[in-house]
Amino acid sequence: MNYNPIHLLKECNGMSDIRAEIDRIDHLVIELLSTRFEYVKEASKFKKNTVDVQAKERFDSMLEQRKLWANELGLDGNVIKELYANLVRYFIDEELKHFQNREK
């Protein structure tokens, strides 16, 4: 993903420039999470039961991959893994609701 800042990192003239960029980045991250969630809901069409929705093996392997990516980018992989675990548990709960409503 390419991020095009208004204020380049080395050109920030104070905290207001830095905060503006952080806010823009956070908004973009949340937009991307919303898009990710749309894919999660769409995935329920291809799942046959709640075990498929929960996909424990996929969940575990996905978390380990996110941890590796975070480590590669200089972040604490365990923190990112926990962040994704919470996020994806929320998505799974919502996907289960979506899946169960589909069956009605």
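None of these values were measured; they are calculated from a predicted model.

As enumerated under the stated definition, the model contains 3 aromatic pairs in all. Ring centres 5.6 Å apart and planes at 45 degrees place the aromatic pair Tyr90 and Phe91 in the tilted group. Among the residues examined, Tyr90 registers a relative accessible area of 43% and is labelled partly exposed. Under the relative-accessibility criterion, Phe91 is labelled buried at 4%.

What follows covers the domain arrangement of the chain. Under the domain assignment, the chain is made up of domain 1 (1-46) and domain 2 (48-103). Between the C-alpha centres of domain 1 and domain 2 there is a distance of 20 Å. Counting from both sides, the interface comprises 9 residues of domain 1 and, opposite them, 12 residues of domain 2. For the pair domain 1 and domain 2, the two sides together bury roughly 910 Å², of which 63% comes from carbon and sulfur. For the domain 1 face of the interface with domain 2, the top three residues by lost area are Arg36, Phe37 and Ser44, together amounting to 56%. There are 0 residue pairs in polar contact (both at pLDDT 80 or more) connecting domain 1 and domain 2. A class-by-class count of the residues in the side of domain 1 that touches domain 2 yields 5 nonpolar, 1 polar and 3 charged.

Listed in full, the 9 residues of the largest apolar core are Val53, Phe59, Met62, Leu63, Ala85, Val88, Ile92, Leu96 and Phe99. Among the elements of the structure, α3 (56-72) and α4 (77-103) are those that each provide at least two residues to this core. Examining the composition of this core, we find that 5 residues originate from one element, α4, more than from any other. The contacts of Ile92, once residues within four sequence positions are left out, are Val53, Gln54 and Phe59.

Here is what the cut-offs are and how they apply
- Residues numbered from 1 in each chain as written.
- Predicted model: local features only at pLDDT ≥ 70, side-chain atom pairs only at ≥ 80, totals over all residues.
- Heavy atoms only, no water.
- Phe/Tyr/Trp six-rings, centres within 6.5 Å; stacked < 30°, edge-to-face > 60°.
- Buried < 20%, exposed > 50% of the residue type's maximum accessible area, 1.4 Å probe, protein only.
- Domains from an automatic or database assignment.
- Contact = heavy atoms within 4.5 Å.
- Buried area = accessible area lost by both parts, 1.4 Å probe.
- Polar contact = N/O pair within 3.5 Å; in protein donor to acceptor, adjacent residues only side chain to side chain.
- Nonpolar A, V, L, I, M, F, W, Y, C, P; charged D, E, K, R; others polar.
- Core = buried A, V, L, I, M, F, W, Y, C linked by side-chain atoms within 4.5 Å.
- Helix = DSSP H or I, 4+ residues; strand = E, 2+ residues; numbered from the N terminus.

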